[in-house]
Amino acid sequence: MKKRFFILCLLFVINLCFSQTENKLIEQKIDTYIKEVIELNEIPGAALAVIKDGKVIYEKYYGKASLEENTAVDKTTAFKIFSTTKLITSVGIFQLIEKEKLSLEDPISKYLNNLPKEWKKIKIKNLLTHSSGLPDIVQFEDILFSLPYSEKISLLSKKPMQFATGNQYRYNQTNYLFLAKIIEKITSLPFDEYILKNQFPKAKSDVFFLSDFGQITPKGAVRYNYDAENKKYKKNDYNSGSDSHSANGLNINLPEFIKWNKNLDADIYIKKETKSTMWKPFSFTNNVDNFAYGWEIVPVNKTLSYGFTGGNETAFRKFTNNELTVIFLSNGHKYSNLYVQSQVINHVAAIVDTTLIDDYLLAGEKINQDFLKFDISTSEQNYLVLKRNHPDWNFEYRLNVIGYTLMTYGRINDAIKVFELNAKENPTSGNAFDSLAESYFSNNQLDISKETYKKSLELMPNNSNAKEMLEKIDKIILAKKS
């Protein structure tokens, strides 16, 4: 009996040591990777958490919350999470659904007054899934953030619908403005108060709403934008007003976000069945788009994950079948349009759980890094080697984004080579030739730009941009001759 007990104890110790060694290796791999990401993208400050099987296996803080004050990011640093806020708003809506205060099938006209006729058939589910087709309130210069809500809606109601309700997914801030107003109508509470009371009752000053990014708070990380012309970061002073709190206004530190995730996993906010509904794909009429009720659905190595990103700087993602959650917060990226935050989530998840290694996604990240780190010929050769090994992989969109990134940062000749590569790789893509034509135009190569726009128009006859640019180029050429 004693011998058996001794063997069991020995096995326990061996398993414990193995587990600790494995966790240490994972930690070291994440450390190395994150430091490379921060250095390459010149990220001012960041925080990362990994929760596996209900335990926090990684939680670290990097860089500066404020460059001017030389304040380090730590546990108390509240990051602006931008559109990742929508996840919290979605949970708030489903809390009301559980209490039978509203239904996904309810028309929004049940809660909102003075709507145009074509808006009245829109339902709660269409707001959550960005399938409403409503005009997007942030796209119109005449609808100022400072206007009263009633005036905003009066102006917005005169704008055309984007598409037939339910047909497709199109990201739209009007949807979440209306969700906030519906919450306020049902609960008789301000949106901020309702969310804080029902999801962060003990958070105190660690969680708050503020969509004025220029307003500096004692524990808040400053939001920075990289000024490519002057090669330095500058403070972002964008203010979308309190009406956008449901879409982009949450400020939260990493420990509180970890607690929020723990409560979500523990079915404290909403029941398990309700979460299943929230993460269920919406049935878009076009049978193409894939999005849940407020949550993005991201396949990683054929495994579905759920979450959202915000401001090209923050991301929250749950791999529910793997009992894994990754949270990444930052206050600025030099190359903000390369979706670094999503790449971090995918890469870290693959480090923690090898079943989530997605060669295509990791290859895409490497392509980004190569074109930023190496000279253009080396980067192109690396890309071509990758494509020879995987001819079925399509990187048209990625090359396009890289090209525009290089243009933004003054590398116009390199950008042209990337766009030329993309057009060669995708000879039937009107969009690839449109971008190539734009790069020629930016480099004052008018004749070849004109011919390339013509090629784009042949491939994509409805390309209004190409038509406008051809007229513009003809006028410039004519003016030079006269």
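Data block above holds the structure.
Residues numbered from 1 in each chain as written. Predicted model: local features only at pLDDT ≥ 70, side-chain atom pairs only at ≥ 80, totals over all residues. Heavy atoms only, no water.

A. Looking closely at the sheet that holds strand S4 (residues 78–80). Pairing in this open sheet of three strands is antiparallel, and the strands run S4-S8-S5 from one edge to the other. The strands lining the two open edges of the sheet, one partner per strand, are S4 and strand S5 (207–209). Adjacent strand axes in the sheet meet at a mean angle of 25° when their direction is disregarded. Sheet analysis places S4 next to strand S8 (residues 250–253), joined by three bridges and oriented antiparallel. Paired with Phe-79 across the bridge in S8 is Ile-252. (Pairing = 2+ DSSP bridges. Helix = DSSP H or I, 4+ residues; strand = E, 2+ residues; numbered from the N terminus. Axes fitted to C-alpha atoms, helices over the stretch in contact; angles between N-to-C directions.)

B. Local environment of the pattern of salt bridges. What the rule picks out here adds up to 22 salt bridges. For Lys-125, the salt bridge identified is with Glu-105, shortest N-O distance 3.1 Å. With Lys-125 in helix H3 (residues 124–128) and Glu-105 in the loop between helix H2 (85–98) and H3, this residue pair connects regions lying 20 residues apart in the sequence. Among the residues examined, Lys-125 registers a relative accessible area of 18% and is labelled buried. Classification of Glu-105 by relative accessible area gives partly exposed; the value is 40%. The partner of Glu-256 in a salt bridge is Lys-259, with the nearest N and O atoms 3.5 Å apart. Here Glu-256 and its partner Lys-259 are both found in helix H8 (residues 254–265), three residues apart, which amounts to about one turn of the helix. Under the relative-accessibility criterion, Glu-256 is labelled buried at 9%. One network of salt bridges, with partners in common, ties together Lys-24, Glu-27, Asp-31 and Lys-60. (Salt bridge = Lys/Arg side-chain N within 4 Å of Asp/Glu carboxyl O. Buried < 20%, exposed > 50% of the residue type's maximum accessible area, 1.4 Å probe, protein only.)

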